[in-house]
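Here is what each chain is made of, one letter per residue.
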Amino acid sequence: MAALQMQVSDQVKTNMLQAWLVGLVVAVFIAFFTPYSDLVMQGTWVGLTSFPISAFFVLCSLIGVNALLSRWSKGLKPVELLLAYVMALVAAGIPSFGWTGLLIPYLAGPFYFATPENNWAQILHPHLPKFLFPQQKETVVWLYEGLPKGVPIPWQDWLLPLAMWTLFGVCVYTVFFCLSGLVRKPWVEQERLVFPLMQLPLQMVGAAKLERPFFRNIGMWLGFAIAFTVHAVNGLRYYVPWLPSFMST
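Residues numbered from 1 in each chain as written. Predicted model: local features only at pLDDT ≥ 70, side-chain atom pairs only at ≥ 80, totals over all residues. Heavy atoms only, no water.

1. Quick look at a nonpolar patch on the surface
Judged by side-chain polarity, F29, F33, Y36, L39, V40, M41 and F57 come together as a nonpolar surface patch covering roughly 750 Å² of accessible area. The residue M41 is located in helix 1 (residues 2–41) in this model. (Patch = residues over 30% accessible without salt bridge, like charges linked within 9 Å, V, L, I, M, F, W, Y side chains within 5 Å. Areas by Shrake-Rupley, 256 points an atom, 1.4 Å probe, with all protein chains shown as cover. Salt bridge = Lys/Arg side-chain N within 4 Å of Asp/Glu carboxyl O. Helix = DSSP H or I, 4+ residues; strand = E, 2+ residues; numbered from the N terminus.)

2. Remarks on the confidence of the model for the protein
Scored by pLDDT, the protein comes out at a mean of 85, with 93% of its residues at no less than 70. When pLDDT is averaged over each element of the protein, helix 7 (residues 155–190) comes out on top at 92 and helix 1 at the bottom at 72. Long-range and interchain partners of residues 1–12, a stretch whose pLDDT sits below 50, account for one contact in this model, where long-range means more than four residues apart. (pLDDT = per-residue confidence, 0-100. Contact = heavy atoms within 4.5 Å.)

3. As for the side chain of S54
With respect to the element layout, S54 can be found in helix 2 (residues 53–72). You can call S54 buried: its relative accessible area is 7%. Not counting chain neighbours up to four residues away, the residues in contact with S54 comprise I30, V46, G47 and A92. (Buried < 20%, exposed > 50% of the residue type's maximum accessible area, 1.4 Å probe, protein only.)

4. Looking at helix 3 (residues 78–93)
The terminal C-alpha atoms of helix 3, which comprises 16 residues, lie 23 Å apart, in line with the 22 Å expected from a rise of 1.5 Å per residue. For helix 3, the full list of buried residues reads E80, L81, L82, L83, A84, Y85, M87, A88, A91, A92 and G93. (Expected span 1.5 Å × (residues − 1).)

5. Some words on the packing of helix 2 against helix 3
What describes two packed helices is the angle between their axes and the distance between those same axes. Look at helix 2 against helix 3: their axes get within 8 Å of each other, and the N-to-C directions meet at 155 degrees. Taken as axis vectors, helix 2 and helix 3 run roughly antiparallel relative to one another. In terms of crossing hand, the pair formed by helix 2 and helix 3 is right-handed. Contact with helix 2, carried on its side by S54, A55, F56, V58, L59, L62 and N66, involves L81, A84, Y85, A88, L89 and A92 of helix 3 and no other residues of that element. Broken down by class, the residue content of the contact of helix 2 with helix 3 amounts to eleven nonpolar, two polar and no charged. (Axes fitted to C-alpha atoms, helices over the stretch in contact; angles between N-to-C directions. Parallel < 35°, antiparallel > 145°, perpendicular 65-115°, else oblique. Left-handed = near helix turned anticlockwise from the far one by under 90°. Nonpolar A, V, L, I, M, F, W, Y, C, P; charged D, E, K, R; others polar.)

6. Some remarks on the nonpolar core
In terms of nonpolar packing, the biggest core is built from 17 residues, with V58, L59, A88 and V205 touching the most fellow members. Elements supplying a minimum of two residues to this core: helix 1, helix 2, helix 3 and helix 8 (199–205). With six residues, helix 3 is the largest single contributor of residues to this core. Those residues in contact with L59 that lie beyond four places of it in its chain are Y85, P201, M204 and V205. Core analysis: the next-biggest nonpolar cluster, separate from the first, contains nine residues, L128, L132, W158 and W165 among them. (Core = buried A, V, L, I, M, F, W, Y, C linked by side-chain atoms within 4.5 Å.)

7. Observations concerning the pattern of salt bridges
In this structure the tally under the stated criterion is one salt bridge. R184 is the partner of E189 in a salt bridge, and the nearest nitrogen-oxygen pair spans 3.6 Å. Using a relative accessible area of 43% as the deciding quantity, one classes R184 as partly exposed.

8. Details of the side chain of E80
Counting through the fold element by element, E80 comes out in helix 3. Here E80 occupies a buried position and makes no salt bridge, while the nearest side chain of opposite charge, K77, is found at 5.4 Å. Within the structure, E80 has its side chain in polar contact with the backbone nitrogen of K77 (distance 2.9 Å). (Lys, Arg positive; Asp, Glu negative; His and termini not counted. Polar contact = N/O pair within 3.5 Å; in protein donor to acceptor, adjacent residues only side chain to side chain.)

9. Observations regarding unusual backbone geometry
Backbone geometry at N119 places phi at a positive 60 degrees, although glycine is not the residue there. Mapping N119 onto the fold places it in the loop between helix 4 (100–112) and helix 5 (120–123). Its relative accessible area of 30% is what places N119 among the partly exposed residues. Unusually for a residue other than glycine, F195 sits at a positive phi of about 50 degrees.

Below is the structure:
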C-alpha cells in the first residue's frame, strides 16, 4: 500500500513538473513576443488588459495541442493546464505595461525631457541615484530617437540600472504573491468570491461543471463567430480599405 502511494505521489509530482516546465516555456515566449508585438510590429497591445490577449492565446494553444496529444499519449490534466495558464497570466504584463514597458522609458525620461524651462537638471537630477539611471546623454537620446546606423546598443550604460531595478521588481512581485497567499483563504473559503475572469479558463479546460462541454456549446460558438467576424473585418480593413467597417465613427 505504501509503495502504491509513493508511486501515485511520484506520478503527480512528475505531471506537475511537466506543467511547470510548460509554463516556464510559455513565460519565456511571452517575454520575447510581447515587446516585439508592441515595439516592432506596433500592433495590438497583447499584454495590456486584465485579461491579456497573449495569455488567452497561450491557453487556447495549449488546449488544442493537449487535445491532439491526448489521442496518442497522456496529455495534461485541467489543473496542469490551469497552472501553465496562470504562469502565462503573470508573465503577460511584466514585459509590457505591468513593468518593463513603463520602467525603461521612465529611466531616461527625466533626462530626455529636461529643458531650461522646467529646470529639471538643477531641481531633479541631483536627487536621482546614478546607479539607477543611465548616465550617458547619447544613451538617453538614442532610446527615444533610435540608434544611428551601425551603432551597437550601449549595454554598458544600461546593465547596472536594469540589474538594480530587476532586483527591486523581484521584491515587489514577491510581496504581491505573499499578499495573495494571505488573502486566498478568506476570499475563497469564507467570502467565496467567484473571480469572474477565471470562469472562462475553468470552463475551457473542463474544470467547471457545465450542462454541456464548453466546446460543444452552440451558443458559445455563435457568440464567438459574431465577435470574431467583427474584429477580423475591422482588422483586415487596415490592409484592404474597401472592406466594410463595424467601428463607430
